[in-house]
Amino acid sequence: MIRLATAASDAGAAAAIYAPYVTGAVISFEAVPPSAEEMASRIASTLSYAPYLVYEKDGEVLGFAYAARHRERAAYRWSVDVSVYVHERTHRQGVGRALYTSLFALLRLQGFYAAHAGITLPNPRSVGLHEAVGFVPVGVYRSVGFKMGGWHDVGWWQLPLRDRTGEPAAPLSLAEAQARPEWPAAMASGLALLRQ
């Protein structure tokens, strides 16, 4: 299933999934993997604003995706940054695409207009996933981060979530979106993309 994460029960699994992206690669610019306690804090903080989803199979969390504020200033409030991470043994099974599909449906329901993703380069697997779900490249920060003995570029991709016409209404809170009748279908929208 794809569902909202809970800080209390999913933080440990999310921290374990994320750790190899920190310690074994330059994919994440963090230097130390967050603890379960830190991940619980991050989940709770995200859920105060936007979806933080997990993919669970047979009682085990195998991936997560979430949205965060793109920037703090008011004019940015219709834009989010998104990330997805999956357990290494579930790569190429559609988990990332499924999580993103559900996440984007929920973000549309909330009233967001654009999602952005930063990708440390080179990373053909992540670029492929993001472009497969509709992201387009918008620019590169050259040599913006130093990790594992070298400077690394970060490319930025953007996904329009809805047409930009007229003056937009303020995005719904997560609680307001959950109360909408379209919520269950939006949450489940990514499940058909999973490869069994």
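One structure accompanies this document, and this report is about it. These numbers were taken from a predicted model, which means no experiment stands behind them. (Residues numbered from 1 in each chain as written. Predicted model: local features only at pLDDT ≥ 70, side-chain atom pairs only at ≥ 80, totals over all residues. Heavy atoms only, no water.)

### Quick word on the overall build of the protein
Link 1 in the chain: For the protein, the count of helices and strands is six helices and seven strands.
Link 2 in the chain: Each helix and strand of the protein, placed in order from N terminus to C terminus, yields the pattern β-α-α-β-β-β-α-β-α-β-β-α-α.
Link 3 in the chain: Rg of the C-alpha trace for the protein: 16 Å, near the compact-globule value of 16 Å for 196 residues, within the 12% margin.
Link 4 in the chain: Along the first, second and third principal axes, the C-alpha set of the protein runs to 50 × 40 × 30 Å.
Link 5 in the chain: Within the protein, the fraction of its 196 residues that count as buried is 47%.
Link 6 in the chain: For the protein, long-range pairs separated by at least 24 residues make up 68% of all intrachain contacts whose partners lie at least 6 apart in sequence.
Link 7 in the chain: As displayed, the protein has an accessible area near 10000 Å², and 55% of this comes from carbon and sulfur atoms. (Helix = DSSP H or I, 4+ residues; strand = E, 2+ residues; numbered from the N terminus. Rg over C-alpha atoms; globule rule 2.2 N^0.38 Å. Buried < 20%, exposed > 50% of the residue type's maximum accessible area, 1.4 Å probe, protein only. Contact = heavy atoms within 4.5 Å. Areas by Shrake-Rupley, 256 points an atom, 1.4 Å probe, with all protein chains shown as cover.)

### Topic: a nonpolar patch on the surface
Link 1 in the chain: A grouping of Phe29, Tyr141 and Val144 is seen on the molecular surface, where their side chains present a nonpolar patch of about 270 Å² in accessible area.
Link 2 in the chain: Summarising the element assignment, Phe29 is placed in the loop between helix H1 (7–23) and helix H2 (36–47). (Patch = residues over 30% accessible without salt bridge, like charges linked within 9 Å, V, L, I, M, F, W, Y side chains within 5 Å. Salt bridge = Lys/Arg side-chain N within 4 Å of Asp/Glu carboxyl O.)

### Comments concerning the nonpolar core
Link 1 in the chain: Ranked by size, the top nonpolar core spans 54 residues in total, and within it Val82, Leu103, Phe104, Leu107 and Phe135 carry the most contacts.
Link 2 in the chain: Per-element tally for this core: the top contributor is helix H3 (residues 95–110), with ten residues.
Link 3 in the chain: Apart from residues no more than four positions distant in its own chain, Leu103 is found in contact with Pro51, Leu53, Ala65, Tyr66, Ala67 and Val82. (Core = buried A, V, L, I, M, F, W, Y, C linked by side-chain atoms within 4.5 Å.)

### Examining unusual backbone geometry
Link 1 in the chain: A cis amide bond links Leu121 to the next residue, Pro122, at an omega of 0 degrees.
Link 2 in the chain: Along the polypeptide, Pro122 turns up in the loop between strand E5 (114–121) and helix H4 (124–132).
Link 3 in the chain: Despite not being glycine, Asp58 shows a phi value in the positive range, around 50 degrees.
Link 4 in the chain: As for its placement among the helices and strands, Asp58 is situated in the loop between strand E2 (52–57) and strand E3 (60–69).

### Remarks on the packing of aromatic side chains
Link 1 in the chain: For the structure shown, the criterion picks out twelve aromatic pairs.
Link 2 in the chain: Considering the side-chain rings of Tyr18 and Tyr85, the 4.9 Å spacing of their centres and the 70 degrees angle between planes classify their relative orientation as edge-to-face. Pair noted here: Tyr18 is in helix H1 and Tyr85 is in strand E4 (residues 79–86), with a separation of 67 residues, a long-range link. The pair Tyr18 / Tyr85 is uniform in exposure class, with both members buried.
Link 3 in the chain: Centre to centre, the rings of Tyr100 and Phe135 are 6.1 Å apart; their planes meet at 40 degrees, and the pair counts as tilted. (Phe/Tyr/Trp six-rings, centres within 6.5 Å; stacked < 30°, edge-to-face > 60°.)

### Focus on H3
Link 1 in the chain: In this model, H3 (16 residues) spans 23 Å end to end at C-alpha, consistent with the 22 Å of a helix rising 1.5 Å per residue.
Link 2 in the chain: Of all the 16 residues making up H3, 13 are buried; the element is thus mostly covered by neighbouring parts of the structure.
Link 3 in the chain: Immediately beyond the C-terminal end of H3, within one or two residues, lies Gly111, with a positive phi of roughly 100 degrees. (Expected span 1.5 Å × (residues − 1).)

### Considerations on the sheet that holds strand E6 (residues 136–147)
Link 1 in the chain: As summarised here, the arrangement of the seven strands in space is E1-E2-E3-E4-E5-E7-E6, forming an open sheet in which the pairing is mixed. Looking at strand neighbours, the two that pair on one side only are strand E1 (2–4) and E6, the edges of this open sheet. Between one strand and the next, the sheet's axes are offset by a mean angle of 30 degrees, whatever the strand orientation.
Link 2 in the chain: Across the face of the sheet, H3 comes into contact with E1, E2, E3, E4, E5 and strand E7 (150–160) while running at roughly 155 degrees to E4.
Link 3 in the chain: Sitting on the sheet, H4 touches E4, E5, E6 and E7, and the angle it makes with E5 is about 160 degrees. (Pairing = 2+ DSSP bridges. Axes fitted to C-alpha atoms, helices over the stretch in contact; angles between N-to-C directions.)

### Focus: the pattern of salt bridges
Link 1 in the chain: Counted under the stated rule, the structure contains seven salt bridges.
Link 2 in the chain: Of the charged contacts, one joins Arg3 and Asp10 as a salt bridge, the two residues approaching to 2.8 Å between their closest N and O atoms. Exposure class is identical for Arg3 and Asp10. Each is buried.
Link 3 in the chain: Glu56 is the salt-bridge partner of Arg3, the closest N and O atoms lying 2.8 Å from each other. Remark: Glu56 occurs in strand E2 and Arg3 occurs in strand E1; sequence separation between them is 53 residues. Glu56 matches Arg3 in its accessibility class, with the two residues each being buried.
Link 4 in the chain: Three or more residues joined by partner-sharing salt bridges are found here, namely Arg3, Asp10 and Glu56.

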